[in-house]
Amino acid sequence: MIPNEPQITPALVAEHGLTPDEYERFRALIGRAPSFTELGIVSAMWNEHCSYKSSKVHLRRLPTEAPWVIQGPGENAGVIDIGDGLACVFKMESHNHPTFIEPYQGAATGVGGILRDVFTMGARPIACLNFLRFGSPEHPKTRRLVAGVVAGIGGYGNSFGVPTVGGSVGFHSRYDGNILVNAMAVGIAEKDKIFYAKATGVGRPVVYLGSKTGRDGIHGATMASAEFGEDSEEKRPTVQVGDPFSEKLLLEACLEIMREGCVIAIQDMGAAGLTCSAVEMGAKGDLGVSLDLDRVPTREEAMTAYEMMLSESQERMLMVLRPEKEKEAEAIFRKWGLDFAVVGETTRAKRFVVRHRGDVMADLPIKELGDEAPVYERKFAEPKKRPPLDPASVPCPVPLFAALEQLVGSPDLCSKRWVWEQYDHLILGNTVQRPGGDAAVVRVGEGPKALALTTDVTPRYCEADPFEGGKQAVAEAWRNLTAVGARPLAVTDNLNFGNPERPEIMGEFVHCVRGIAEACKALDFPVVSGNVSLYNETNGRAILPTPTIGGVGLIDDLALTATLAFKAKGEAILLVGETRGMLGQSAFLATVLNREDGAPPPVDLASEKRNGDFVRSLIAGGLTTAVHDLSDGGLLVAIAEMAIASGIGASLEAAPGFPAHAFWFGEDQARYLLTAAPVDFPKIEARAAEVGVQLRHLGITGGDRLTLAGETPILVSSLQARHESWLPDYMGGAA
Amino acid sequence: MKSAVIVFPGINRERDMARALSLVSGREPEMVWHAATALPAGIDLVVLPGGFSYGDYLRCGAIAARAPIMDAVRAHAGKGALVLGICNGFQILCEAGLLPGVLMRNTRLKFICKEVHLRVERSDTPFTRGYNAGDVVRMPVAHGEGNYIADEATIARLEGEGRVLFRYVAPDGSLDPEFNFNGATHAMAGIVNEGGNVMGLMPHPENHVDPAIGPTDGRGLFAGLMEHGSRAA
Amino acid sequence: MKARVTVTLKPGVLDPQGKAIEGALKSLGIEGVASVRQGKVFDIELAAKDKKTAEAALKNACEKLLANTVIENYRVEVLG
Amino acid sequence: MKARVTVTLKPGVLDPQGKAIEGALKSLGIEGVASVRQGKVFDIELAAKDKKTAEAALKNACEKLLANTVIENYRVEVLG
Ligand SMILES: Nc1ncnc2c1ncn2[C@@H]1O[C@H](COP(=O)(O)OP(=O)(O)O)[C@@H](O)[C@H]1O
Ligand SMILES: [Mg+2]
């Protein structure tokens, strides 16, 4: 027993988030009572965040393979082949809990963490996206959280030097006590120069690189897996502070030593820093690791082994280097002004051994800590189905255009310019489509290839029907990529849910994952990386189930993409896909009638595929002039968005046989809007007929207003003012 | 024309700049590390690119302005040779005393990335000869501290000597406080030193040179410099 | 009344700015610098009926806006 | 030795940040605030043989880096 260490008591075990069963299992595994440091290590490795103990069995359902997948889940990020010897490396990760406590630093370090995941693999980051959910606008904390999160994301990404090109922002009272900050990063690497976490070779130096270790965020990983209570704000754990400047140096230094062939294995220090990274490198390589903490660069005095093992100081990496290249690697790190220290070595015995000041502070079996952590089959409940809404039963209390104004100026559907103008979205000079479209488009190298990127999910749908909601999230991401002309290739996900120990919540999780799996299979859209964030609840009230989907698609020639703005007057406006007027869980219902009920629109994956493939072929054939997919708010909102983006109006034709509001605001899936020169209309019609796609002529572009029989025409400029003003007005309000 | 791009730790638009210079001039610039004490031989144009040198810690550009390479840049400027500072480069030039004044926080205190309209004030300088006086051009901005201020005497001299080369304007070219988004004195976006050979510019012409990506209004600046260089040679 | 509010990082919280400044001072040859931590001061003029009221108002200002109490400490001095 | 360096804007130099904070304090209902100017403090630990040497080193640091003397004043206090 090491002197001055706390006694391991049941209370201490509980404080570390281990159940009595888990503790017993651990004790039995090592055949003795653990030291305090060992307790810290196992609590970090076996918590939900690192071990995926509640989610693992379900994640196995997700399709992860395709001919273009180079690396699926299980590494720092997923990797796909995009041709010409290049690979795209990407992943999404949550920083929900830290951000609620300190919005700026929480969001900033979230961006820093996901960027490290990408460049750890040898890729140079080329774009970031973020998916944000805040509480209701009326909640007293919301404004401050929005300001802090947006500033934090910008503060880190702008300084690091990666364009933040897309994302999503929404509000709902169910996020009042648990906001969501999911950050996605995308990088490009040479396909045959990808770096992995798996260590090889015995007796190789384990090297610590980057910034010094302090007492930052100790127990951050445990916190990320604990439900918030009333006192969460009082506890205020040590907050991690981001240093984008050091991260930029770390990026350049890492890419340089990789180029010089110094690296055997590399792992960033994220959640549970040194512990997680060392254990993963060893466990994946079937090797042991021994660390000597006296050699770890620290910035605070008298740090204990426990603190060093659990510190979440940012901007750090752990590597196994080629012994003969050690000096060269060190010189590169020194040039960039970063710390470099050999802190241990790989060993044959599969043990994780930690020494400090002459004592062995931990000596644990490495496999059981790492890839053989406990796994649970938690109980889950079947979600209650909600009946579909009959459109005829839903009133429309205001004229259609008044409802439209309300919708385009609502918190969820308004322009998010106030947010993305605080992000440098142009740096690196490759941003072909800026924020505000269906998907961001970023050129790869000197082109003509480009990547299309998007993040999506409709949490309202997921709550009403987790399975359909999961499908819909994937379908919408796929559609957004298709709408800019891209071939959707793969997905990263970020599954945000409440407490998995509650069967209803576990039911939401399980069914969302099944929905995602089904859609990914049908659309040939494998999941290559992701993250699970559970326990997003306060005082027993969970967030809306929010399985965020990050989609990546490939454009062969960036000259052949589509944007959503109308391009000229006198063009035909065409609707692709079938409209039945599904109003259940629609934005119309929520915004205009203040109701969230009914079943969400079902997703027919075969039509998604057929309609999407059709639209993509039109774009590739140069037959369209503008394309927009339909989602929240339905047809009329999409038309308004196309008009607002261009300043060009449209005259629309009434829809016979429908309650008008169901036609114009229904959220039926698998639909797109496009415009085409009138001469091309017959060609498009013929092609649609050939492949069995429904096509409908909706009107003609032109003028400076929208017109529709029975409605007072509305100026595009006034729609635009409504669309642009909500967020700046809201954020300009009293703090 | 031979150019050099200075690379400070934390700078992040150096690649954008190098690419723009190559694209317009057909010649790759030399990348020069901040710790160097001399410029490569035969350099005509020195560029301090945009980014976040030293994370913008302390004051934007303050730490970079004291880097070893800056003595060589100062000597280069002292000979009347060309120095261009974009965004963080502009801030570094001010901190190094190569340009007067200071770039303060934007009045609305936020980092802003968007496309703005600039009016070219004169075309008879090496930096603007690719444009006509009065041209309204579009360029992106991406900064949190671009609010140019200086004491009254300095402002009077800048105006009196015609040293303001670019201003933030409305799309029609008129001065309008609403379009002076960062609050700069007299909407100044780009100024030159007394000798007319050192320019600081907040917007990013280097991000507007490639028709595959967007507008190409930034080309004029680089094309003008190249033309100036070939005349001088 | 004139007052000065000083806001500093709590001990142990990483100060990237301070770290960079420290490095810069060293490379400028300023001798003996062991560490730098950066904070903020606010010089505030305010009307208040007495020192106590002013102090209370400024504390309130710190809690609400001037300091990020998760990572920062503050000190209020009313200079009179 | 511990020292504190305070850097403040010279009178007459515009302070957009101070202005914005002033506005925010008012809208938060903090009473009586007439003006706010923001400055910086640096808490520096340094090794020096005596107070005087320390002061001289820090003045040098201010002139060379910590303050932009075109717009800022500085003050050095060695706390011992
Ligand atoms: N929901 C998910 N879907 C697919 N893969 C996932 C999911 N969640 C996590 N993964 C994969 O599990 C691995 C571990 O994830 P994580 O712990 O978040 O990574 P890191 O250690 O880099 O933070 C990663 O490879 C990640 O891509
Ligand atoms: Mg990782």
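Residues numbered from 1 in each chain as written. Chains lettered and ligands numbered in written order. Predicted model: local features only at pLDDT ≥ 70, side-chain atom pairs only at ≥ 80, totals over all residues. Heavy atoms only, no water.

Peer 1: In this structure, what is going on with the coordination of the magnesium ion (ligand 2)? I would like to understand it.
Peer 2: Ideal geometry at a metal gives 109.5 degrees between four tetrahedral donors and either 90 or 180 degrees between six octahedral ones. All names here are of chain A. The coordination sphere of the magnesium ion (ligand 2), as far as protein atoms go, consists of N76 (OD1), D117 (OD) and D268 (OD), spread over 1.9 to 2.7 Å. Coordination of the magnesium ion (ligand 2) draws on donor residues from a single chain, spaced N-x40-D-x150-D in sequence. Residue N76 is found in the loop between strand 1 (69-71) and strand 2 (78-83), and its partner D268 is found in strand 8 (residues 263-268); the two are separated by 192 residues along the sequence. For D268, a relative accessible area of 5% gives the class buried. (Donors = N, O, S within 2.8 Å, 3.2 Å for Na, K, Ca; no water. Helix = DSSP H or I, 4+ residues; strand = E, 2+ residues; numbered from the N terminus. Buried < 20%, exposed > 50% of the residue type's maximum accessible area, 1.4 Å probe, protein only.)

Peer 1: For this particular structure, what's the right way to read the site of ligand 1?
Peer 2: All names here are of chain A. Around ligand 1 sit 17 residues, and of these Y52, G74, E75, D493 and G530 come closest. Side-chain polar atom of D117 to an oxygen atom of ligand 1: 3.0 Å apart, as the coordinates give it. Separating an oxygen atom of ligand 1 from a backbone N or O atom of G530 is a distance of 2.9 Å. Mapped onto the shell around ligand 1, the elements with two or more residues apiece are strand 3 (86-94), strand 17 (487-496) and strand 18 (527-533). It is strand 18 that provides the largest number of residues to the shell around ligand 1, a total of five residues. Its residues assigned to classes, the shell around ligand 1 shows seven nonpolar, five polar and five charged. (Near = heavy atom within 4 Å. Polar contact = N/O pair within 3.5 Å; in protein donor to acceptor, adjacent residues only side chain to side chain. Nonpolar A, V, L, I, M, F, W, Y, C, P; charged D, E, K, R; others polar.)

Peer 1: How should the packing of aromatic side chains be read in this particular structure?
Peer 2: Two measures describe an aromatic ring pair: the distance that separates the ring centres and the angle between the ring planes. Taken as a whole, this structure holds 19 aromatic pairs over all chains when the rule is applied. With a centroid separation of 6.1 Å and an interplanar angle of 90 degrees, the aromatic rings of Y131(B) and F166(B) are classed as edge-to-face. With Y131(B) in the loop between strand 6 (112-120) and strand 7 (136-143) and F166(B) in strand 9 (residues 164-169), the pair connects residues that are 35 residues apart, well separated along the chain. Looking at Y131(B), the relative accessible area reads 6%, which means it is buried. Owing to a relative accessible area of 0%, F166(B) belongs among the buried residues under this scheme. Relative to F181(B), the ring of Y168(B) has its centre 5.2 Å away and its plane inclined at 80 degrees; by these criteria the two rings are edge-to-face. Of this pair, Y168(B) sits in strand 9 while F181(B) sits in the loop between strand 9 and strand 10 (188-192), and the two are 13 residues apart along the sequence. Feature note: the residues F134(A), F171(A), W726(A) and Y730(A) constitute an aromatic cluster, connected by ring pairs. Above the face of the Y730(A) ring, R143(A) is positioned so that its terminal group lies 4.4 Å from the ring centre. (Phe/Tyr/Trp six-rings, centres within 6.5 Å; stacked < 30°, edge-to-face > 60°. Lys NZ or Arg CZ within 6 Å of the ring centre and 35° of its normal.)

Peer 1: Explain the pairing of strand 16 (residues 450-456) of chain A to me, please; I cannot follow it from the model alone.
Peer 2: Regular strands have side chains that alternate between both faces of the sheet. Residues and elements named next belong to chain A. The element strand 16 is extensively covered by neighbouring structure, given that seven of its seven residues are classed as buried. Residues A450, A452, T454 and D456 line one face of strand 16 and the alternating positions L451, L453 and T455 line the opposite face, and both faces are buried. Relative to strand 16, strand 15 (residues 440-443) runs antiparallel, the two being bridged by four bridges. Residue pairing for strand 16: R443 is matched across the bridge by A450. Sheet topology note: the strand 16/strand 21 (residues 546-555) ladder contains seven bridges and is antiparallel. Considered in strand 21, the bridge of L453 is made with V552. (Pairing = 2+ DSSP bridges.)

Peer 1: Explanation requested: the relation of the copies chain D and chain C in the structure shown.
Peer 2: One copy of the chain maps onto the second through a rotation about an axis and a displacement along it. At an RMSD of 0.1 Å, chain D and chain C line up after a rotation of 180 degrees and a shift of 0.0 Å along the axis. Here the transformation between the copies is reduced to the relation of a two-fold axis. Across chain D, the rotation axis passes nearest the C-alpha of K40(D), at a separation of 2.1 Å. When the interface residues of chain D are mapped onto chain C, 100% of them again fall at the interface, so both copies present the same face. (Least-squares fit on C-alpha atoms with pLDDT ≥ 70 in both. Contact = heavy atoms within 4.5 Å.)

Peer 1: Honestly, the interface of chain D and chain C in this entry has me stumped. Any pointers?
Peer 2: How big an interface is tends to be expressed through the accessible area that disappears when the partners come together. With 31 residues of chain D at the interface, the matching set in chain C holds 31 residues. Counting every contact that joins chain D to chain C gives zero salt bridges. Inspection of the chain D/chain C interface yields 10 residue pairs in polar contact (both at pLDDT 80 or more). For the side of chain D that touches chain C, the elements supplying multiple residues, two or more each, are strand 1 (2-9), helix 1 (16-27), strand 2 (33-46) and helix 2 (51-66) of chain D. Among the elements that line the side of chain D that touches chain C, the one with the most residues is strand 2 of chain D, at 14 residues. Considered class by class, the residues forming the side of chain D that touches chain C number 17 nonpolar, seven polar and seven charged. Pairing of strand 2 (residues 33-46) of chain C with strand 2 of chain D involves 13 bridges; the strand directions are antiparallel. When the bridges of strand 2 of chain D are listed, L46(C) appears paired with V33(D). (Salt bridge = Lys/Arg side-chain N within 4 Å of Asp/Glu carboxyl O.)

Peer 1: Can you help me understand the confidence of the model for chain A in this one?
Peer 2: Detailed reading of the predicted model is not advised wherever pLDDT is low. Scored by pLDDT, chain A has a mean of 94; 96% of the residues are at 70 or more. Below a pLDDT of 50 lies the segment residues 230-237 of chain A, which in the model reaches seven contacts outside its immediate sequence neighbourhood of four places, other chains included. (pLDDT = per-residue confidence, 0-100.)

Peer 1: It is not clear to me how unusual backbone geometry should be interpreted in this structure. Could you clarify?
Peer 2: Most peptide bonds are trans, and most residues other than glycine sit at a negative phi. For the bond running from G447(A) to P448(A), omega is 0 degrees, close enough to zero to count as cis. Its place among the elements puts P448(A) in the loop between strand 15 and strand 16. Despite not being glycine, Y54(B) has its phi angle at roughly 50 degrees, a positive value. Counting through the fold element by element, Y54(B) comes out in the loop between strand 3 (45-48) and helix 2 (69-78).

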